[in-house]
Amino acid sequence: MKEERTKRRFRWYWIPLGLIGLILLLIGGLIAFLHSMLPWQNLLAATSNMKVELSEKQKAYVTGGERDYSTLPEVLAAEDGTVITDTQQFEARREQILELFEENVYGPLPKDGFETSFEVVEEGEALDGAAIRKQIRITVSTGKGSSDALMLLYLPNTGTPSPVVIGLNTGGNHAALDDGNILVSYSYDADDEKIQEERGGRAYRWNIRDSIARGYAVATIYSGDFAPDNRDAYGTRVISLFDEEEFKAVGAWAFGLMRGIDYLVTDEGIDAAHIAAVGHSRLGKAAIWAGVNDTRIGMVISNDSGNSGASLSRGNRGETVCSINKVFPHWFCSKYAQYGKNENELPVDQNLLLAAVAPRLLYVASAEDDLWADPQGAWNGLMAAKDAFALYGLPVLPDSEEQPPVDTPLWCESMGYHVRSGWHDMEAADWEFYLTYMDTYFRDR
Ligand code: GTR
């Protein structure tokens, strides 16, 4: 009788049901684990960068944070809070701004204790005689040893010094133009077949042919020659020559741009009074950081530089200080991570960095669909920086909470801004605006 009751209680389908339950539990656990481990926002960023349509829900997720600027630091406020009224006071403020960014965001930038030397390793005519191509080995040496970077430079074949645009690249020099003579960047790691496939693949991003036709030289160096973009291996190459632990990748890339300029100012084909530094995205962050540190740079161009570039951290939209530090801990000094989800405590925001470019020229560009880089936050950053340019007696863009319409640049003698239709990239349309701005405001400045 007892045995019969036990038999009745057991149901055969408990076994498959139990198994299904277990599998669901495992899947749930895995999802929860991935959700906590992976920067979920960054998956959206990846899709946004990869030109995949975001659903309205995903867009809301990327754009959904609070935009509270009540604690935004003032550009024209001295350390003790007094209002800055002349450029001499601002020069002191500028020094303070640089120190604050070194301490809290990018880490210190080596200013001495190294030497830079050069060798032109290849030179020839290019672009059917319209250009001279030069490839320059840049050697950085310290007491610890030396490390090389390879710069690719195209000069208009005019016999007169040309203004130049310099920027680092992430795809290797060989991708910047379809020119079989381009040497492979020293630290670029790929087999011959891949190199052949990639040759010229990023020509659209470097606009060399068109820039040469318009009278501008273009120089580029692979960012990996200074610090590989890898959280585990970033400390090799040029960056390894320095003992400073807080000298990180964005700092090393800015340092690299400056070493490229060390060469440019010695080349007779370059008009050294007209050097513009450009950078896309992560390298846009580096271009601004180089621009504020190196006054040989007469114009800074930030292309979609996003969080920790031109966009205000306090905007809390798209990429955040928390997320960027989780995914790219090797880009910034270690203290920066403390400000994740705690942006109001940051003693700086990116408007101060943009202001430190003054009185040199500043161009900030965004792309409409690049929500991860927070275009509105970049515009707000520029608006909150402009007092510094005005202090130097320069005209500035009119106050506006709204970005100018898509594909309609706004320019004046101190600054430019546009939001291009499309995705996170640097395209011919961006260059068209940059070069026309330079023709108008930079070339003869
Ligand atoms: C993203 C990163 C951005 C930006 C971008 C890029 O993954 O979140 O800060 O640097 O990469 O460099 O394309």
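Shown above is the structure to which this text applies.
These lines cover the structure that appears in this document, whether it is placed above or below.

Calculation notes
- Residues numbered from 1 in each chain as written.
- Predicted model: local features only at pLDDT ≥ 70, side-chain atom pairs only at ≥ 80, totals over all residues.
- Heavy atoms only, no water.
- Pairing = 2+ DSSP bridges.
- Helix = DSSP H or I, 4+ residues; strand = E, 2+ residues; numbered from the N terminus.
- Contact = heavy atoms within 4.5 Å.
- Axes fitted to C-alpha atoms, helices over the stretch in contact; angles between N-to-C directions.
- Near = heavy atom within 4 Å.
- Polar contact = N/O pair within 3.5 Å; in protein donor to acceptor, adjacent residues only side chain to side chain.
- Areas by Shrake-Rupley, 256 points an atom, 1.4 Å probe, with all protein chains shown as cover.
- Nonpolar A, V, L, I, M, F, W, Y, C, P; charged D, E, K, R; others polar.
- Core = buried A, V, L, I, M, F, W, Y, C linked by side-chain atoms within 4.5 Å.
- Buried < 20%, exposed > 50% of the residue type's maximum accessible area, 1.4 Å probe, protein only.
- Salt bridge = Lys/Arg side-chain N within 4 Å of Asp/Glu carboxyl O.
- Left-handed = near helix turned anticlockwise from the far one by under 90°.

### Considering the sheet that holds strand E2 (residues 131–142)
Across the sheet, which stays open at both edges, the 10 strands sit in the order E1-E2-E3-E5-E4-E6-E7-E8-E10-E9 with mixed pairing between neighbours. Among the strands making up the open sheet, the edge pair consists of strand E1 (115–126) and strand E9 (410–411). The pairing of strand E8 (residues 361–367) with strand E10 (residues 415–420) spans 6 bridges and is parallel. Paired with Tyr363 across the two strands is Gly416, which belongs to E10. Docked against the sheet, helix H9 (residues 249–264) engages E1, E2, strand E3 (145–156), strand E4 (162–169), strand E5 (217–222) and strand E6 (270–280), running at close to 150° with respect to E4.

### Digging into the environment of Ala78
Residue placement: Ala78 occurs in the loop between helix H4 (56–63) and helix H5 (87–106). Spatially, the C-alpha atom of Ala78 lies 25 Å from that of Arg67, the residues being 11 residues apart in sequence.

### Overview of the site of the ligand
Around the ligand, a shell composed of 11 residues is seen, among which Ser281, Arg282, Lys285, Glu319 and Trp372 lie nearest. Between the ligand and the protein, one listed contact pairs an oxygen atom with a side-chain N or O atom of Ser281 at 2.7 Å. At 2.9 Å from an oxygen atom of the ligand is found a side-chain nitrogen or oxygen belonging to Trp372. Protein contact buries 87% of the 320 Å² of open area that the ligand shows by itself. Among the secondary structure elements, those contributing two or more residues to the shell around the ligand are helix H3 (40–49) and helix H10 (282–293). Of the residues assigned to the shell around the ligand, the class counts are 4 nonpolar, 4 polar and 3 charged.

### Some words on the nonpolar core
Considering soluble globular proteins, one finds that nonpolar side chains tend to be buried as a cluster. Counting 91 residues, the largest nonpolar core has Leu153, Trp253 and Leu264 as the members making the most contacts within it. Here Trp253 is in contact with Leu168, Ser223, Phe226, Ala227, Asp229, Arg282, Leu283, Ala286 and Trp331, once residues within four sequence places are set aside. Core analysis: the second largest hydrophobic core is formed by 29 residues, Leu127, Trp206, Trp431 and Met438 among them.

### Thoughts on unusual backbone geometry
Of note, the bond from Ala358 into Pro359 is cis; its omega dihedral lies within 30 degrees of zero at 5°. Along the chain, the position of Pro359 falls in the loop between helix H12 (350–355) and E8. Positive phi values are uncommon outside glycine, yet Leu127 reaches one of about 50°. Mapped onto the fold, Leu127 is located in the loop between E1 and E2. Backbone geometry places Asp304, a non-glycine residue, at a positive phi of 50°.

### Structural notes on the pattern of salt bridges
Tallied over the full model, the rule gives 22 salt bridges. Where Glu119 meets Arg137, a salt bridge forms, and the shortest distance between an N and an O atom there is 2.6 Å. With Glu119 in strand E1 and Arg137 in strand E2, this pair connects stretches of sequence that are 18 residues apart. In this structure, the salt-bridge partner of Asp294 is Arg296, at a minimum N-O distance of 2.8 Å. Residue Asp294 is classed as buried on the basis of its relative accessible area, which comes to 5%.

### Considering the packing of H5 against H10
Where H5 contacts H10, the two axes come as close as 11 Å, and the packing angle between them is 145°. For the crossing formed where H5 meets H10, the hand is left-handed. On H10, the residues touching Arg94, Leu98, Phe101, Glu102 and Tyr106 of H5 are Trp289, Val292 and Asn293.

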